[in-house]
Number of protein chains: 2
Amino acid sequence: MNLYSLLSSLKSDLKAIEEQMARAVEADLPLLRETSQHLLKAGGKRIRPILVLLSGKFGGQNPEAVHKVAVALELIHMASLVHDDVIDDADMRRGQLTVKSKWDNRIAMYTGDYIYAKALMVITELDNPRIHRILSGALVQMSLGEMEQIRDFFNVRQTVRRYLLRIRRKTALLIAISCELGAIAAGASPSVSSLLYRFGYNVGMAFQIADDILDLCGTKEILGKPPGSDLRQGNITLPVLYALQEEAVRGPLLERIAEIQKSGGEADSSAAVQLVRESGGIARAEALADKYVAKALKALAQLPDLPEKKNLEEIARFVVRRSY
Amino acid sequence: MNLYSLLSSLKSDLKAIEEQMARAVEADLPLLRETSQHLLKAGGKRIRPILVLLSGKFGGQNPEAVHKVAVALELIHMASLVHDDVIDDADMRRGQLTVKSKWDNRIAMYTGDYIYAKALMVITELDNPRIHRILSGALVQMSLGEMEQIRDFFNVRQTVRRYLLRIRRKTALLIAISCELGAIAAGASPSVSSLLYRFGYNVGMAFQIADDILDLCGTKEILGKPPGSDLRQGNITLPVLYALQEEAVRGPLLERIAEIQKSGGEADSSAAVQLVRESGGIARAEALADKYVAKALKALAQLPDLPEKKNLEEIARFVVRRSY
């Protein structure tokens, strides 16, 4: 599951960005160097930097600025993951120990704060107040999304609309501004950058829905952790909400979820996972993810014809690729 | 213990800043509104906004910008306190329940992230890249300082120099840039803003040393928690380091500290506190704090003669005022 193969054309850019990220978090503090390196080595799909780079091509200017945006946004993503792992009490991510489990919660929290601050420093090198404004606005929305997730833990009465608003803030916005800011940094016109924002927003929604499906349908090998971790922490995702709308499934699924909540997330979630898998919830969630991809491609179609459109289309299709 | 009496001249400015802070953290999310309001109501000395306002007088222009800087820096201070309370597992602050104890760690962490992001939004309204750069640089240093504090928990071999570097990052820098950015936002000359930076830096050092003394010598009433909380969490402060340099005190004090560490901070720290109080550590720490105040006043003396110099002098003397 990596996009590099899809995007050989960006290999050198991405290598430069990896190096810049490593330099950005180089701390004179051994402990911080270790935790940050650990996070960088854990890697990731680097979807945000890739989107920044591809979107930057629609402006065409100032590649250094585009690189800085890519570095900053991926660092912000990393920082948010470190904090999420504290919140979610997660020991594994991408098959690697999380900072909070390899070190502890305090160190994870401050590692997140540190990387976050470093990301802001990289952005301040741009001297572009508009980029600052868009970024800080998104950071506020992201923290609201995280808070909403906590508020809605084990809330089996939440609407699909509420779920969508939450993932919009939690995930889609950062991906949307990855495209938008990449274009702005490269000097693209407002119409181009807002089309790319819309592309990124819809890709981000599809991406999070697909990720929520994967948490239910994926194998331990793919996930690096047993399936159903969202349910174990009380995160009620789209397939579960759809499953709860089915008469036959609702009763037993509510019981399983209540058991998990009572056990403080210790209970085995596999029974609940099974119920959702056997329901129509997965297919309906997949269908909605595909709808967002279609919207993304519609925005893409209105952009000037550059070879990068093909790459962006591949990414939009990639995020909903069934790997289960 | 509040500065308002000292600074009646700023009352209306400070009222405006309180209102702006409340508006800044107004969230459409009831939970976040509650936690943020709880923090605002808990109040504080508002030393940073006061320093921003007074420093701004040395530029004299753009009061709105000065207010924004004051709001942003106090919000950043508030956000860092919320995170610190998670790290320190603190239940009380200023005699009030902390967010982490009234709600929980996860909510406290995201409340901090939210307020932090809101502070950045306020700053982005300034369109002043230089202010962004100085601020984000300070945020990096602050997170390093927090990390160093964790690294040095229960490290009884640390040097005084190391303690000073830590509080420089943890406390003095934010106070220093409160003065510097207040001046810059008001259009002061570089020489004036750097003198104010030096004033703030030295006040900040004196302030943290005084605060560390207070944690040992203060009463439960003043502190809102029993004295010795730094020792209970393993934070080895200046008076303790000085006390450890005394032949007669070192042995027994090391034993008490080792007991506290073994007990995971559960052990009563009053015996250790007593040993430090009876040592020369308090007086030596007070002397060093006074030295920093003297340096602050020296920087102040070089500033143009404005009535606000008197207020700044009062603040410098106030932070080391013995309230025990």
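Please refer to the structure placed before this passage.
Summarised in this report is the structure supplied together with it. Since we're looking at a predicted model, the values are computed, not measured.

Details of the environment of A186 of chain A
Residue and element names in this part refer to chain A.
Consideration 1: Here A186 shows up in the loop between α8 (160-185) and α9 (190-217).
Consideration 2: A186 sits in the buried class, given a relative accessible area of 0%.
Consideration 3: Separated by 18 residues in the primary sequence, A186 and G204 have C-alpha atoms spaced 22 Å apart.

Quick notes on the nonpolar core
Consideration 1: Membership of the largest hydrophobic core comes to 242 residues, with the highest contact counts inside it found for F199, I209 and L253 of chain A together with F199, I209 and L253 of chain B.
Consideration 2: With sequence-adjacent residues up to four places away left out, L253 of chain A is seen in contact with V240, A243, L244, A272, L275 and V276 of chain A.

Overview of the relation of the copies chain B and chain A
Consideration 1: Superposition record for chain B on chain A: RMSD 0.0 Å, screw rotation 180°, translation along axis 0.0 Å. Here the symmetry operator amounts to a two-fold rotation axis. Among all residues of chain B, the minimum C-alpha distance to the rotation axis is found for P129 of chain B, at 3.4 Å.
Consideration 2: When the interface residues of chain B are mapped onto chain A, 100% of them again fall at the interface, so both copies present the same face.

Remarks on the packing of helix α2 (residues 30-42) of chain A against helix α6 (residues 105-124) of chain A
All names here are of chain A.
Consideration 1: Interaxial distance between α2 and α6 falls to 10 Å at its minimum, and their mutual angle equals 80°. One way to sum up the angle between α2 and α6 is to call them roughly perpendicular. Where α2 approaches α6, its residues L31, L32, T35, S36 and L39 are matched on the opposing element by I107, T111, Y114 and I115.

Focus on the interface of chain B and chain A
Consideration 1: On the chain A side, the residues contacting the 39 residues of chain B number 39 residues.
Consideration 2: Together chain B and chain A conceal approximately 3,800 Å² of surface at their shared face, both sides included; 75% is due to carbon and sulfur atoms.
Consideration 3: Its largest share of buried area at the contact with chain A, chain B owes to R106, Y110 and M147 of chain B, together 19% of the area lost on that side.
Consideration 4: Counting the contacts that link chain B with chain A gives two salt bridges.
Consideration 5: Here D127 of chain A ties to R133 of chain B by a salt bridge, and the two come within 2.7 Å at their closest N and O atoms.
Consideration 6: Along the contact surface separating chain B from chain A lie eleven residue pairs in polar contact (both at pLDDT 80 or more).
Consideration 7: Every element with two or more residues in the side of chain B that touches chain A is listed here: α2 (30-42), α4 (63-87), α6 (105-124) and α7 (129-151) of chain B.
Consideration 8: Here the side of chain B that touches chain A takes 14 residues from α7 of chain B, the largest share from any one element.

Examining the side chain of H77 of chain A
Residues and elements named next belong to chain A.
Consideration 1: The topology assignment puts H77 in helix α4 (residues 63-87).
Consideration 2: For H77, a relative accessible area of 11% translates into the label buried.
Consideration 3: Not counting residues within four places of it along the chain, the set of residues in contact with H77 comprises R48, R94 and L174.

Re α6 of chain A
Consideration 1: Relative to the 28 Å expected for 20 residues at 1.5 Å per residue, α6 of chain A spans 29 Å between its end C-alpha atoms, a close match to the ideal helical length.
Consideration 2: Counting buried positions along α6 of chain A yields 17 of 20 residues, so the element is predominantly enclosed.

Overview of the packing of aromatic side chains
How two aromatic rings sit relative to each other is given by the distance of their centres and the angle of their planes.
Consideration 1: Scanning all chains against the criterion turns up one aromatic pair over all chains.
Consideration 2: A ring pair is formed by Y116 of chain A and Y116 of chain B, whose centres lie 5.2 Å apart and whose planes are at 45°; its orientation type is tilted. Placement of the pair is Y116 of chain A in helix α6 and Y116 of chain B in helix α6, with the two residues belonging to separate chains. The two residues Y116 of chain A and Y116 of chain B agree in class, both being buried.

About the thresholds
- Residues numbered from 1 in each chain as written.
- Chains lettered and ligands numbered in written order.
- Predicted model: local features only at pLDDT ≥ 70, side-chain atom pairs only at ≥ 80, totals over all residues.
- Heavy atoms only, no water.
- Helix = DSSP H or I, 4+ residues; strand = E, 2+ residues; numbered from the N terminus.
- Buried < 20%, exposed > 50% of the residue type's maximum accessible area, 1.4 Å probe, protein only.
- Core = buried A, V, L, I, M, F, W, Y, C linked by side-chain atoms within 4.5 Å.
- Contact = heavy atoms within 4.5 Å.
- Least-squares fit on C-alpha atoms with pLDDT ≥ 70 in both.
- Axes fitted to C-alpha atoms, helices over the stretch in contact; angles between N-to-C directions.
- Parallel < 35°, antiparallel > 145°, perpendicular 65-115°, else oblique.
- Buried area = accessible area lost by both parts, 1.4 Å probe.
- Salt bridge = Lys/Arg side-chain N within 4 Å of Asp/Glu carboxyl O.
- Polar contact = N/O pair within 3.5 Å; in protein donor to acceptor, adjacent residues only side chain to side chain.
- Expected span 1.5 Å × (residues − 1).
- Phe/Tyr/Trp six-rings, centres within 6.5 Å; stacked < 30°, edge-to-face > 60°.

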